[in-house]
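# Structural features, examined
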Amino acid sequence: PIEVADLGVSMPFNQFFADKDLPDVAAKCVFVEPSLLAGGGYVQVTRATGAGPVLLLLPSTGSEFEAWRPLRSEDAVRGETMYENTHQLMLHSRGFGLGEWKEAAAWVEPTSAVLAPGQSRTYGVRMVVAPSVRAVEATLLAHGLPVLVLHPGPVLPLDHTNATLLLRLPGRGGEGGGEGGNGS
């Protein structure tokens, strides 16, 4: 048997803003935001202007998104601009988990795949388009992915002491799903 300890897909989207003026960034650049939730993960690619449509990369059956690895040594970009790197979407990351990432707390448990002689395994990424940033959650739900909703929002004022996390599940009625649970 052979172990596939690391398996990644390069994400070569243009998120290189350095040394560009604002009109050039607006015309040519995107924001790439990964959501690493194993089988419920996705990658959102939004124009720098925020205008739709929005490209969503979803895991195909048998694939899970477990890590987002910056390709620092492969980029010719200055290291101090961490966001402006090419990244690799990791479908397996156990090798990195045991190596250069061993001191880090993993968001998703690193995995590997062991293949016996003659065995095969298929991985994939589905590309889906949401018509706008506001339609991303409904599009994810329509394609079978859960959505986490933070209330009052992702940033809390200093005088707030708690927040609620709602899990919207696909196929639970209503417009794009219902709340499946919450926590504080």
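To start, this report covers the structure provided alongside it.

### Quick notes on the overall build of the chain
In terms of helices and strands, the chain carries three helices and twelve strands. Residues classed as buried in the chain amount to 34% of the 184 residues present. Once local pairs closer than 6 in sequence are excluded, the contacts in the chain between residues at least 24 apart make up 52%. With an accessible surface of roughly 11000 Å², the chain has 56% of that area assigned to carbon and sulfur atoms.

### Observations regarding a nonpolar patch on the surface
Judged by side-chain polarity, Leu37, Trp107, Leu148, Leu150, Leu165 and Leu167 come together as a nonpolar surface patch covering roughly 570 Å² of accessible area. When contributions to the nonpolar patch are tallied by element, the ones reaching two or more residues are β10 (147-151) and β11 (164-169). Of note, leucine 148 is situated in strand β10. Among the residues examined, leucine 148 registers a relative accessible area of 43% and is labelled partly exposed.

### Digging into the layout of surface pockets
Of the pockets and cavities examined, the largest pocket occupies roughly 580 Å³. In this structure, the largest pocket is lined by 25 residues; those nearest its centre are Tyr42, Gln44, Glu137, Val147 and Leu148. Taken together, the elements giving at least two residues each to the lining of the largest pocket come down to β3 (30-35), β4 (42-47), α3 (136-142) and β10. Top contributing element to the lining of the largest pocket by residue count: α3, with five residues.

### Thoughts on the sheet that holds strand β7 (residues 87-93)
The strand order across the open sheet built from three strands is β2-β7-β6, with neighbouring strands paired in antiparallel fashion. Every other strand in the sheet has two partners, leaving β2 (6-11) and β6 (67-70) as the edge strands with one partner each. Within this sheet the neighbouring strands show an average axis-to-axis angle of 35 degrees, counted without direction. In terms of strand pairing, β6 meets β7 through four bridges, oriented antiparallel. Bridging across to β7, arginine 69 finds its partner in glutamine 88.

### Some points on the environment of phenylalanine 31
Within the secondary structure, phenylalanine 31 sits in strand β3. The class for phenylalanine 31 is partly exposed, based on a relative accessible area of 34%. Remark: the alpha-carbon pair of phenylalanine 31 and phenylalanine 13, spanning 18 residues in sequence, is separated by 8.5 Å.

### Digging into the packing of aromatic side chains
Each aromatic ring pair is characterised by the separation of its centres together with the angle its planes make. The final tally for this structure, using the stated rule, is two aromatic pairs. Ring geometry for phenylalanine 17 and phenylalanine 31: centres 5.3 Å apart, planes at 80 degrees, overall edge-to-face. Of this pair, phenylalanine 17 sits in the loop between β2 and α1 (22-28) while phenylalanine 31 sits in strand β3; the two residues are 14 residues apart in sequence, bridging distant segments of the chain.

### Let's talk about unusual backbone geometry
Residue glycine 52 is joined to proline 53 through a cis peptide bond whose omega torsion reads 0 degrees. You can see proline 53 is positioned in the loop between β4 and β5 (54-59).

### Some words on the pattern of salt bridges
Within this structure, the stated rule accounts for three salt bridges. Of the charged contacts in the structure, one is a salt bridge between lysine 28 and aspartate 24, with a shortest N-O distance of 3.1 Å. Highlighted residues: lysine 28 and aspartate 24, both in helix α1, separated by four residues, approximately one helical turn. Measuring nitrogen to oxygen at the nearest pair gives 3.8 Å for the salt bridge that ties glutamate 137 to arginine 168. Of this pair, glutamate 137 sits in helix α3 while arginine 168 sits in strand β11, and the two are 31 residues apart along the sequence.

The rules behind these values
Residues numbered from 1 in each chain as written. Predicted model: local features only at pLDDT ≥ 70, side-chain atom pairs only at ≥ 80, totals over all residues. Heavy atoms only, no water. Helix = DSSP H or I, 4+ residues; strand = E, 2+ residues; numbered from the N terminus. Buried < 20%, exposed > 50% of the residue type's maximum accessible area, 1.4 Å probe, protein only. Contact = heavy atoms within 4.5 Å. Areas by Shrake-Rupley, 256 points an atom, 1.4 Å probe, with all protein chains shown as cover. Patch = residues over 30% accessible without salt bridge, like charges linked within 9 Å, V, L, I, M, F, W, Y side chains within 5 Å. Salt bridge = Lys/Arg side-chain N within 4 Å of Asp/Glu carboxyl O. 1 Å grid on protein atoms, 1.4 Å probe; cavity = no way out; pocket = protein on both sides within 12 Å on 5 of 7 lines; lining within 4 Å. Points joined across faces, edges and corners; volume = space filled by probe spheres on them. Pairing = 2+ DSSP bridges. Axes fitted to C-alpha atoms, helices over the stretch in contact; angles between N-to-C directions. Phe/Tyr/Trp six-rings, centres within 6.5 Å; stacked < 30°, edge-to-face > 60°.

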